[in-house]
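Listed here are the chains, written in short residue letters.
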Amino acid sequence: VFETYSSHNLRRLSGELPEKESSKAVCKILSERIRGSARILEVGSSSGHLLRSLGAMGLEIQYVGVDIDNYAVSKGNEFISKNSIHGISHAELLLSGAEELPFSDKSFDICISLNVLEHLKEPRKAIAELIRCSKEFILIRTLISDQTFIVQEARNRNHQELGYEHLELPTPLEEIDEEGNPRVTIYQNVY
């Protein structure tokens, strides 16, 4: 699943697929606020496909993206190391969750999170981290509808190939705890 989805985003970064309209809209908002250069953190970056849109702004951008998808991070970094992106003076992707970012306070001019919060168990922690890491402002895009459901999905060791190597996934015999609750879950949005 992640390989298929992340490959799609990697193809957007490389220019094989067009930029997302939502990425263009985000860059339009950013262009009204950035003067000259900016250090930007994107939380939930996938393979860094937003870099293409950021580069088109014609500014000097230093970019760090974080994501829990190991495949996307490694493939994105591989592309970044071999290709320069106009308007991007520095780019790197790191493996990290949104609720505990590995950066000092006010490390970035701008922090961005696009379509991530609706997947998190505790979005308030992620928002607090975005605020903590930003000097100037944060930009959040999230999808909601009249009926949005957060589904807690149980995971087991067979889901490791989906990019969750960072989780200690139980064997199927240990999937449920003594109280009948799943030991490992992720959250999915349904709208």
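In this text the structure is predicted, and so the values were computed from the model without any measurement.

Colleague: Please give an account of the packing of aromatic side chains that cites residues and values.
Modeller: In the structure shown here, the tally under the stated rule is one aromatic pair. On the basis of an interplanar angle of 85 degrees and a centroid distance of 5.0 Å, the ring pair of Phe103 and Phe108 is categorised as edge-to-face. Neither residue differs from the other here; Phe103 and Phe108 are each classed as buried. Stacked on the ring of Phe137, the Lys or Arg Arg33 has its end atom at 5.0 Å from the ring centre.

Colleague: Explain the sheet that holds strand E5 (residues 134-141) to me, and be specific about the residues and the numbers.
Modeller: Sheet strands pair by backbone hydrogen bonding; their relative direction is either parallel or antiparallel. Ordered by their spatial adjacency, five strands build an open sheet running E3-E2-E1-E4-E5, and the pairing between neighbours is parallel. Unpaired on one side and paired on the other, strand E3 (88-95) and E5 mark the two borders of the sheet. Averaged over all pairs of adjacent strands, the angle between strand axes in this sheet comes to 15 degrees, irrespective of strand direction. Of the strand pairs in this sheet, strand E2 (residues 60-67) and E3 are connected by seven bridges, and their pairing is parallel.

Colleague: Can you tell me about unusual backbone geometry, naming the residues and giving the values?
Modeller: For Ser46, which is not glycine, the phi dihedral falls at a positive 55 degrees. Residue position: Ser46 is located in the loop between strand E1 (37-43) and helix H3 (50-55). For Ser46, a relative accessible area of 6% corresponds to the buried category.

Colleague: So what's going on with the pattern of salt bridges? Which residues, and what values?
Modeller: Think of it this way: side chains of opposite charge can pair up when their charged atoms draw near. One pass over the structure, following the stated rule, counts seven salt bridges. The closest approach of N and O atoms between Glu32 and Lys28, which form a salt bridge, is 3.8 Å. Of the two residues examined, Glu32 and Lys28, each falls in the exposed class. Between Arg132 and Asp105 there is a salt bridge whose closest N-O contact spans 2.9 Å. On the criterion of sequence distance, the pair formed by Arg132 in helix H5 (residues 123-133) and Asp105 in the loop between E3 and strand E4 (108-114) is long-range, its members being 27 residues apart. Judged by relative accessible area, Arg132 falls into the partly exposed class, the value being 23%. On the accessibility criterion, Asp105 (54% relative accessible area) is exposed. Each of Asp105, Glu129 and Arg132 takes part in a single network of salt bridges with overlapping partners.

Colleague: Tell me about the nonpolar core, residues and numbers included.
Modeller: Among the nonpolar cores identified, the biggest contains 27 residues, and Leu30, Ile34, Ile40 and Leu54 are the most heavily contacted of them. In contact with Ile34, not counting residues within four places along its chain, are Ile40, Met57, Leu59, Ile61 and Ile110.

Colleague: Please set out helix H4 (residues 70-82) residue by residue, giving values where relevant.
Modeller: Relative to the 18 Å expected for 13 residues at 1.5 Å per residue, H4 spans 19 Å between its end C-alpha atoms, a close match to the ideal helical length. With a side-chain oxygen positioned 3.0 Å from the backbone nitrogen of Tyr71, the residue opening H4 is Asp69.

Colleague: Can you explain helix H2 (residues 21-31)? Please cite residues and give values.
Modeller: Looking only at H2, the buried set comprises Ser23, Val26, Cys27 and Leu30. Angularly, the buried residues of H2 cover 100 degrees about the axis, an arc narrow enough to put them on a single face. Turned more than 90 degrees away from the buried face of H2, the exposed residues are Glu21 and Lys28. In this fold, the buried residues of H2 make contact with E1, H3, E4 and E5.

Colleague: Describe the environment of Leu120, naming the residues involved and giving the relevant values.
Modeller: In this fold, Leu120 is placed in the loop between E4 and H5. For the pair formed by Leu120 and Ala98, sequence separation is 22 residues and the distance between their alpha carbons is 8.4 Å.

Conventions we followed
Residues numbered from 1 in each chain as written. Predicted model: local features only at pLDDT ≥ 70, side-chain atom pairs only at ≥ 80, totals over all residues. Heavy atoms only, no water. Phe/Tyr/Trp six-rings, centres within 6.5 Å; stacked < 30°, edge-to-face > 60°. Buried < 20%, exposed > 50% of the residue type's maximum accessible area, 1.4 Å probe, protein only. Lys NZ or Arg CZ within 6 Å of the ring centre and 35° of its normal. Pairing = 2+ DSSP bridges. Helix = DSSP H or I, 4+ residues; strand = E, 2+ residues; numbered from the N terminus. Axes fitted to C-alpha atoms, helices over the stretch in contact; angles between N-to-C directions. Salt bridge = Lys/Arg side-chain N within 4 Å of Asp/Glu carboxyl O. Core = buried A, V, L, I, M, F, W, Y, C linked by side-chain atoms within 4.5 Å. Contact = heavy atoms within 4.5 Å. Expected span 1.5 Å × (residues − 1). Polar contact = N/O pair within 3.5 Å; in protein donor to acceptor, adjacent residues only side chain to side chain. Arc of directions from axis to C-beta.

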